[in-house]
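Coordinate analysis (summary)
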Amino acid sequence: FDILNNSMNFMILKAFSVLQRLDWIVLCIYFIALLAVAIWVVLQKNKNTEDYFLAGRNVGWFVIGASIFASNIGSEHVVGLAGTGFESGTPMAHYELHAWIVLLLGWLFLPFYIRSGAFTMPEFLEKRFDSRSRWFLSLFSLVAYVLTKVSVTIYAGGIVVSELLAIPFWYGAIGIVLFTGIYTVVGGMKAVIYTETLQTVVLILGSV
């Protein structure tokens, strides 16, 4: 029994060692690919405001859909909702199934947005009402997004980076914010769309 027990422990340790090596390989490939996509997009100069905010209107439907998917799906879904469902035994998918309402609203309001020539929702409100409504929606959306989504994503990412690299949590969290902020501000919507397309593939394969 001792021999069998020792051999089983050896096999388990060997399996963990292989998994750890594979984890590092996958993570390195992911970060290298993400950095390469970000650099490639940043090197393509934005010609005007339309190019910066709308990626020049020349990206395909798959890239746009993947970007929307990655913008919506994050650690709060892959980890949070799955954990809540496992803990309570209640499926959490019913909330996401109501996305068809958003699609209907999109089909209803999209013609108004196109005719107005606005690139962002706050800009549309300014054209419809005044500059105060634009500033209000911009500030309210920014604060709400930071408190409800960005903070959770940064927290989860900071934990992953700090655990992998054996560094303090805040170093990992601040590093993620700086890296994402730099390529987003410099590259505009193209940087966001193409990096999130890559993240969509990673999210789906990782979830599977």
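That block above? That's the structure.
Residues numbered from 1 in each chain as written. Predicted model: local features only at pLDDT ≥ 70, side-chain atom pairs only at ≥ 80, totals over all residues. Heavy atoms only, no water.

Section: the environment of leucine 198
Which entries qualify depends on this criterion: Helix and strand labels come from DSSP, where a helix needs a run of H or I of at least four residues and a strand needs a run of E of at least two; each type is numbered from the N terminus. Contact criterion: two residues are considered in contact whenever any of their non-hydrogen atoms come within 4.5 Å of each other.
Mapped onto the secondary structure, leucine 198 falls in helix 10 (residues 189–207). C-alpha separation for the pair leucine 198 and alanine 66, spaced 132 residues apart in sequence, amounts to 8.3 Å. If we ignore the near neighbours within four places in the chain, the residues touching leucine 198 are Tyr30, Ala33, Leu34 and Val37.

Considering the packing of helix 6 (residues 99–116) against helix 7 (residues 121–128)
Filter applied, for reference: Only the contacting stretch of a helix is used when fitting its axis, a line to C-alpha atoms as for every element, and angles between N-to-C directions run 0 to 180 degrees. By the definition adopted for this analysis, an angle is roughly parallel if under 35 degrees, roughly antiparallel if over 145, roughly perpendicular if from 65 to 115, and oblique otherwise. Each residue is assigned to one of three groups, with Ala, Val, Leu, Ile, Met, Phe, Trp, Tyr, Cys and Pro labelled nonpolar, Asp, Glu, Lys and Arg labelled charged, and all others, Gly among them, labelled polar.
Between helix 6 and helix 7, whose axes approach to 11 Å, the crossing angle comes to 75 degrees. Compared by their axis directions, helix 6 and helix 7 come out roughly perpendicular. Two secondary-structure elements touch here, helix 6 through Phe112, Tyr113 and Ser116 and helix 7 through Met121, Phe124 and Lys127. Per-class residue counts for the contact of helix 6 with helix 7 are four nonpolar, one polar and one charged.

Observations concerning the pattern of salt bridges
Stated precisely, the cut-off is as follows: We count a salt bridge whenever a side-chain nitrogen from Lys or Arg sits within 4 Å of a carboxyl oxygen from Asp or Glu. Working definition: with a 1.4 Å probe on protein chains only, accessible area under 20% of the residue-type maximum means buried, over 50% means exposed, and in between means partly exposed.
Tallied over the entire structure, the rule returns two salt bridges. Here glutamate 126 and arginine 134 are joined by a salt bridge, their closest N and O atoms 2.5 Å apart. Looking at glutamate 126, the relative accessible area reads 30%, which means it is partly exposed. On the accessibility criterion, arginine 134 (31% relative accessible area) is partly exposed. Put simply, arginine 132 and aspartate 130 hold a salt bridge, and the shortest N to O gap is 3.0 Å. Residue class for arginine 132 comes out exposed when judged on its relative accessible area of 66%.

Looking at the packing of aromatic side chains
To keep it simple, the criterion reads: Only rings of Phe, Tyr and Trp enter the pairing, Trp through its six-membered ring, and a pair is recorded when the two centres are within 6.5 Å. The plane angle decides the type: under 30 degrees is stacked, over 60 is edge-to-face, the rest tilted.
If you walk through the whole model with that rule in mind, you get five aromatic pairs. Ring centres of phenylalanine 169 and tryptophan 170 lie 5.2 Å apart, and the angle between their planes is 70 degrees; on these two criteria the pair is classed as edge-to-face. Feature note: the residues Tyr155, Phe169 and Trp170 constitute an aromatic cluster, connected by ring pairs.

Concerning the packing of helix 7 against helix 8 (residues 131–165)
Definition in use: Two helices crossing with the near one rotated counterclockwise from the far one by less than a right angle form a left-handed crossing, whereas a clockwise rotation gives a right-handed crossing.
Closest axis-to-axis distance for the helix 7/helix 8 pair is 7 Å, and the angle between their directions is 160 degrees. Taken together, the axes of helix 7 and helix 8 are roughly antiparallel relative to one another. Here the hand of the crossing between helix 7 and helix 8 comes out right-handed. Between helix 7 and helix 8, the residues in contact are Met121, Pro122, Glu123, Leu125 and Glu126 and Ser131, Ser133, Arg134, Leu137 and Ser138, respectively. Here the residues of the contact of helix 7 with helix 8 sort into four nonpolar, three polar and three charged.

What to know about the side chain of serine 67
Along the chain, the position of serine 67 falls in helix 3 (residues 61–72). When neighbours within four sequence positions are excluded, serine 67 is seen to be in contact with Val192, Ile193, Glu196, Thr197 and Thr200.

Some words on helix 9 (residues 169–187)
How we decide: Expected helix span is given by 1.5 Å per residue-to-residue step, counting one fewer step than there are residues.
In a regular helix each residue adds 1.5 Å, so 19 residues correspond to 27 Å; helix 9 covers 27 Å between its end C-alpha atoms and thus fits that length. One or two positions beyond helix 9, positive phi appears at glycine 188, with a value near 75 degrees.

Remarks on the environment of leucine 35
Inspection of the secondary structure assignment puts leucine 35 in helix 1 (residues 2–43). As a C-alpha pair, leucine 35 and threonine 195 span 160 residues in sequence and 8.7 Å in three-dimensional space.

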